[in-house]
Amino acid sequence: MGSAAIQHVRILQPAPDVYAFFDGRTENQRFADYPNWVDDGALSLGIASYALVSDDEALIYDTHISLDHAALIRSTLEAKGVRKFTVVLSHWHLDHVAGTGVFADCPVIANRRTAAHLERQKTEIEAGTLEGPPSISPLVLPTTLFEDEMTIVIGKHEVRLIEANIHSDDATVLWLPQTRLLFAGDTVEDTITYVGEPQNFAQHLVDLERLRSLRPAAILPNHGAPEVIASGGYDDTLIDATAAYIKALRRCIEQPQQRSLDLRAFIARELEAGWVHYFEPYEAVHEKNIATTLALALPSTGS
Ligand SMILES: [Zn+2]
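None of these values were measured; they are calculated from a predicted model.

Right, let's talk about the overall build of the chain for a bit. Within the chain, the secondary structure is distributed over 11 helices and 12 strands. In terms of C-alpha radius of gyration, the chain reaches 18 Å, essentially the compact-globule figure of 19 Å for 303 residues. Principal-axis analysis of the C-alpha atoms places the extent of the chain at approximately 55 × 40 × 35 Å. For the chain, the proportion of its 303 residues judged to be buried stands at 57%. Considering only contacts in the chain between residues 6 or more positions apart, those separated by 24 or more positions represent 66%. Accessible surface for the chain amounts to roughly 12,700 Å². Of this, 50% is attributable to carbon and sulfur atoms. Computed over 24 positive and 42 negative side-chain charges, the separation of the two mean positions in the chain equals 4 Å.

This is the structure in structure tokens:
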């Protein structure tokens, strides 16, 4: 680890007072030469943590994939005069919470489900046995919990924390009503959502509609194209693309011929419309999503 771990981090500024610390989507970049969750799913797809800064205060939306990454975020912002940090976790997945130790002296806000997931699996996460290596040790747990919604103020910004069940059952998104900016965590991704909980697809669609009804001016996902993030984020059609993809996955249950389409063909309409952008490593995610969806719907096929 050390500075080699953060040599590819790009600091983007999608909006005034907003920074994205983006890593991954870089040729030949590997965290380690053995299989590990940092390379597979985080760096391979690209991952951003965000900071909302106002005067000497900052909100950190996810603590990134390692302590080194979190330390870079903290030192970068301290150099800009930030003295007071508040962490908000988008959900419990490891690529979003690994750096929390760097902010152990700060409030760490999460919804109750996120806290419960982390507490329940703390031993395995610290041992590196839940998703394999690297371990996250010690795993710093949230200090401030909420349910449904909570409003906080960071300098001149009002920030609404909104709980949702999309991608994982413990999502927290950030809504800035003054600028209509939505920090979406992993509720939407470019190119496609990563499916871990297909049993909740119906709720995912309901909650995507709830986010859509906010009518965001721009959306900042944690996994997306750095060029789009740097240029201000995504249109709300990223939400439409996500809902369309989930509906198409469900149709695969009844329509076997859909299952063998590659990702480019599967989401041809959304790509054509420019709602999402094709990124080849998502082919593997799509294959896994099909398998996960079918395993739940058709357990007897053994596929
Ligand atoms: Zn993620």
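Glancing now at the side chain of D39. Relative to the assigned elements, D39 resides in helix α1 (residues 39–43). From its side chain, D39 meets the backbone nitrogen of F31 in a polar contact 2.7 Å long. Within polar-contact distance, the side chain of D39 engages the backbone nitrogen of A32 at 3.1 Å. Among all residues touching D39, those that are not within four sequence positions of it are Q29, R30, F31, A32 and S44.

Turning our attention to the nonpolar core. Within the largest apolar cluster, 64 residues are counted, with the highest numbers of intra-cluster contacts made by Y50, L59, V159 and F183. Here this core gets nine residues from one element, more than from any other, and that element is helix α8 (residues 237–254). Counting 33 residues, the second-largest nonpolar core is a separate cluster that includes V9, V87, V108 and L139.

A few words now on the sheet that holds strand β6 (residues 108–111). Two orientations exist for strands paired in a sheet by backbone hydrogen bonds: parallel and antiparallel. Within the open sheet, the seven strands sit side by side as β1-β2-β3-β4-β5-β6-β7. Their pairing is mixed. Of all strands in the sheet, those bounded by a partner on one side alone are β1 (10–15) and β7 (144–146). Strand-to-strand twist in this sheet, taken as the mean axis angle between neighbours without regard to direction, amounts to 25 degrees. Taken together, the two bridges between strand β5 (residues 84–88) and β6 define a ladder with parallel strand orientation. Within the sheet, the bridge partner assigned to V87 lies in β6 and is V108. Here helix α2 (residues 67–79) sits on the sheet and contacts β1, β2 (18–23), β3 (47–54), β4 (57–61) and β5; the angle it forms with β2, its principal contact strand, is near 150 degrees.

This part covers α8. The first and last C-alpha atoms of α8 sit 26 Å apart over 18 residues, in line with the 26 Å expected at 1.5 Å per residue. Those residues of α8 that fall on the buried side of the exposure criterion are T237, L238, I239, A241, T242, A243, Y245, I246, A248, L249 and C252. Looking at the buried positions of α8, the neighbouring elements they touch are β11 (181–185), α6 (201–212), β12 (218–221), α9 (263–266), α10 (268–273) and α11 (282–297).

With that settled, consider empty space enclosed by the protein. Overall, the coordinates contain two cavities of 30 Å³ or more when judged by the stated rule. When its volume is computed, the largest cavity comes out at roughly 50 Å³. Lining the largest cavity are E189, T191, I192, T193, A241, T242, Y245, I267, E270 and V276. Ranked by residue count, the leading element in the lining of the largest cavity is α8, at three residues. Broken down by class, the residue content of the lining of the largest cavity amounts to five nonpolar, three polar and two charged. Lining of the second largest cavity is provided by 13 residues; of these, S90, H91, A171, D186 and T187 occupy positions nearest its centre. Those elements giving two or more residues to the lining of the second largest cavity turn out to be β10 (168–176) and β11. Residues of the lining of the second largest cavity, tallied by class, amount to five nonpolar, seven polar and one charged.

Our focus in this paragraph is the pattern of salt bridges. Within the structure shown, the criterion is met by 15 salt bridges. A salt bridge links R74 to E78; its shortest N-O distance comes to 3.0 Å. Here the residue R74 and the residue E78 both occupy positions in helix α2, the gap between them amounting to four residues, near one helical turn. The exposure class assigned to R74 is buried, which follows from its relative accessible area of 15%. Close ionic contact of R112 with E147 constitutes a salt bridge, the shortest N to O distance being 3.2 Å. Pair noted here: R112 is in helix α4 (residues 112–120) and E147 is in the loop between β7 and β8 (149–154), with a separation of 35 residues, a long-range link. For R112, a relative accessible area of 45% puts it in the partly exposed group. Each of the salt bridges in this network shares a partner with another, and the network as a whole consists of R30, D39 and D40.

Definitions and cut-offs
- Residues numbered from 1 in each chain as written.
- Predicted model: local features only at pLDDT ≥ 70, side-chain atom pairs only at ≥ 80, totals over all residues.
- Heavy atoms only, no water.
- Helix = DSSP H or I, 4+ residues; strand = E, 2+ residues; numbered from the N terminus.
- Rg over C-alpha atoms; globule rule 2.2 N^0.38 Å.
- Buried < 20%, exposed > 50% of the residue type's maximum accessible area, 1.4 Å probe, protein only.
- Contact = heavy atoms within 4.5 Å.
- Areas by Shrake-Rupley, 256 points an atom, 1.4 Å probe, with all protein chains shown as cover.
- Lys, Arg positive; Asp, Glu negative; His and termini not counted.
- Charge placed at Lys NZ, Arg CZ, Asp CG, Glu CD.
- Polar contact = N/O pair within 3.5 Å; in protein donor to acceptor, adjacent residues only side chain to side chain.
- Core = buried A, V, L, I, M, F, W, Y, C linked by side-chain atoms within 4.5 Å.
- Pairing = 2+ DSSP bridges.
- Axes fitted to C-alpha atoms, helices over the stretch in contact; angles between N-to-C directions.
- Expected span 1.5 Å × (residues − 1).
- 1 Å grid on protein atoms, 1.4 Å probe; cavity = no way out; pocket = protein on both sides within 12 Å on 5 of 7 lines; lining within 4 Å.
- Points joined across faces, edges and corners; volume = space filled by probe spheres on them.
- Nonpolar A, V, L, I, M, F, W, Y, C, P; charged D, E, K, R; others polar.
- Salt bridge = Lys/Arg side-chain N within 4 Å of Asp/Glu carboxyl O.

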